[in-house]
Amino acid sequence: MARTPLDLDELVEHWTLLKDEQALVSGKRGATRLGFAMLLKFYTQYGRFPRNRAELPGEAVEFVTRQVQVPASELESYEWAGRTVEYHRGQIREHLGFRECSVADAEKLTAYLAEHGAHKERRPEQVRVELLVRCRADSAEPPTSGRCDRIVAAALRAAEKSLTALISSRLTAESIERIVALVAGADQDDDGPAGGGAKSENAPPVLAKVKEAPGNVSL
């Protein structure tokens, strides 16, 4: 799917270097200067760093090059891995008051999502959106994509266990006995078969009938 080009208003709003940001950039030169500026503005907008050059909109690159006075071609020599980019990321996090997502942060995110997100929303993609919103609110950099998936999956499992335990705690002893009997294949209620006749031994259990045609979601 083609990306919609950025218009001038979007460029000005999200890709203009502010006075304090200009001070951060001023001590750098060439590709380092341009690369740092792009990392800074991307992080300010999205709360994370770009994974590679391809994530940077061409219009944004051209807009920033005019501010830092470095040709766009210089960006091709900026290294996306290694000590320099890690140092740049550290500077940007410190400037913006963000931190990397630690093990403790991931555990807090899992607990928060299980309690506030996964109980009412079972779609992983929607729980993931809530995760990213929470990271931003806590000034924590979002985890990697794979780690996000694991946190979301853990939150959904925890929410399901919690809900199951809540339902179980509300069941009476009589209800539990009837459910166990249903699962075991009993298909007679307390009054016996309808009409007083014996059920055929080959008749499918009640639970099997329910599973064959459970009805719509509201049912």
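Provided above is the structure to which this section pertains.
Given the structure is predicted, the values throughout are model-derived calculations rather than measurements. (Residues numbered from 1 in each chain as written. Predicted model: local features only at pLDDT ≥ 70, side-chain atom pairs only at ≥ 80, totals over all residues. Heavy atoms only, no water.)

Student: Hey, could you go over the nonpolar core for me, with residue numbers and the actual values?
Tutor: With 27 residues, the main nonpolar core has W15, M38 and V68 as its most contacted residues. Breaking this core down by element, the ones donating at least two residues are α1 (8-15), α3 (30-46), α4 (58-68) and α5 (83-96). For this core, the element with the most residues is α3, which contributes eight residues. In this structure M38 touches W15, L56, A60, V61, V64 and L75, once residues within four positions along its chain are discounted. Formed by 15 residues, the second largest nonpolar core is a distinct cluster that contains C101, I151, V152 and L156. (Core = buried A, V, L, I, M, F, W, Y, C linked by side-chain atoms within 4.5 Å. Buried < 20%, exposed > 50% of the residue type's maximum accessible area, 1.4 Å probe, protein only. Helix = DSSP H or I, 4+ residues; strand = E, 2+ residues; numbered from the N terminus. Contact = heavy atoms within 4.5 Å.)

Student: So, the pattern of salt bridges: which residues are in play, and what are the values?
Tutor: If you walk through the whole model with that rule in mind, you get 11 salt bridges. For R48, the salt bridge goes to E55, with nearest N and O atoms at 2.7 Å. A salt bridge links R53 to E76, with the nearest nitrogen and oxygen atoms 3.7 Å apart. Here R53 is found in the loop between α3 and α4, whereas its partner E76 is found in the loop between α4 and α5, with 23 residues between them in sequence. Accessibility expressed as a relative area gives 58% for E76, which makes it exposed. (Salt bridge = Lys/Arg side-chain N within 4 Å of Asp/Glu carboxyl O.)

Student: Run through the layout of surface pockets, naming residues and quoting values.
Tutor: Of the volumes computed, that of the largest pocket is approximately 490 Å³. As for the largest pocket, its lining consists of 23 residues, and the residues nearest its centre are R48, E141, P142, P143 and T144. In terms of residue count, helix α7 (residues 124-137) provides more of the lining of the largest pocket than any other element does, five residues in total. Considered class by class, the residues forming the lining of the largest pocket number 10 nonpolar, three polar and 10 charged. (1 Å grid on protein atoms, 1.4 Å probe; cavity = no way out; pocket = protein on both sides within 12 Å on 5 of 7 lines; lining within 4 Å. Points joined across faces, edges and corners; volume = space filled by probe spheres on them. Nonpolar A, V, L, I, M, F, W, Y, C, P; charged D, E, K, R; others polar.)

Student: Describe the packing of aromatic side chains, listing the residues and the values that go with them.
Tutor: A full pass over the atoms with the stated rule returns four aromatic pairs. Taking 5.5 Å as the distance between ring centres and 90° as the angle between the ring planes, the aromatic pair formed by Y43 and F98 counts as edge-to-face. Of this pair, Y43 sits in helix α3 while F98 sits in the loop between α5 and α6 (103-117), and the two are 55 residues apart along the sequence. For the pair Y43 and F98, one class covers both residues: buried. Their ring planes at 85° and their centres at 5.4 Å tell us that Y78 and W80 sit as a pair that is edge-to-face. (Phe/Tyr/Trp six-rings, centres within 6.5 Å; stacked < 30°, edge-to-face > 60°.)

Student: Any details on the packing of α3 against α4? Residues and values, ideally.
Tutor: A pair of packed helices is characterised by two quantities: the angle between their axes and the separation of those axes. For the pair α3 and α4, the least separation of the axes is 10 Å and the interaxial angle reads 125°. One way to sum up the angle between α3 and α4 is to call them oblique. For the pair α3 and α4, the sense of crossing is right-handed. Facing R33, L34, A37 and M38 of α3, the residues of α4 in contact are A60, V61, V64, T65 and V68. Each residue belonging to the contact of α3 with α4 can be placed in one class, and the counts come to seven nonpolar, one polar and one charged. (Axes fitted to C-alpha atoms, helices over the stretch in contact; angles between N-to-C directions. Parallel < 35°, antiparallel > 145°, perpendicular 65-115°, else oblique. Left-handed = near helix turned anticlockwise from the far one by under 90°.)

Student: Residue-level account of the side chain of R89, with values.
Tutor: With respect to the helices, strands and loops of the structure, R89 is situated in helix α5. What makes R89 buried here is its relative accessible area of 16%. Apart from residues no more than four positions distant in its own chain, R89 is found in contact with F49, P50 and W80.

Student: Can you break down the packing of α3 against α5 residue by residue, with the values?
Tutor: Contact geometry for α3 and α5: axes closest at 10 Å, N-to-C directions at 45°. Taken as axis vectors, α3 and α5 run oblique relative to one another. Between α3 and α5 lies a crossing whose hand is right-handed. Two secondary-structure elements touch here, α3 through T32, F36, L39, L40, Y43 and T44 and α5 through V85, H88, Q91, I92, R93, H95 and L96. Counted by class, the contact of α3 with α5 contains seven nonpolar, five polar and one charged residues.

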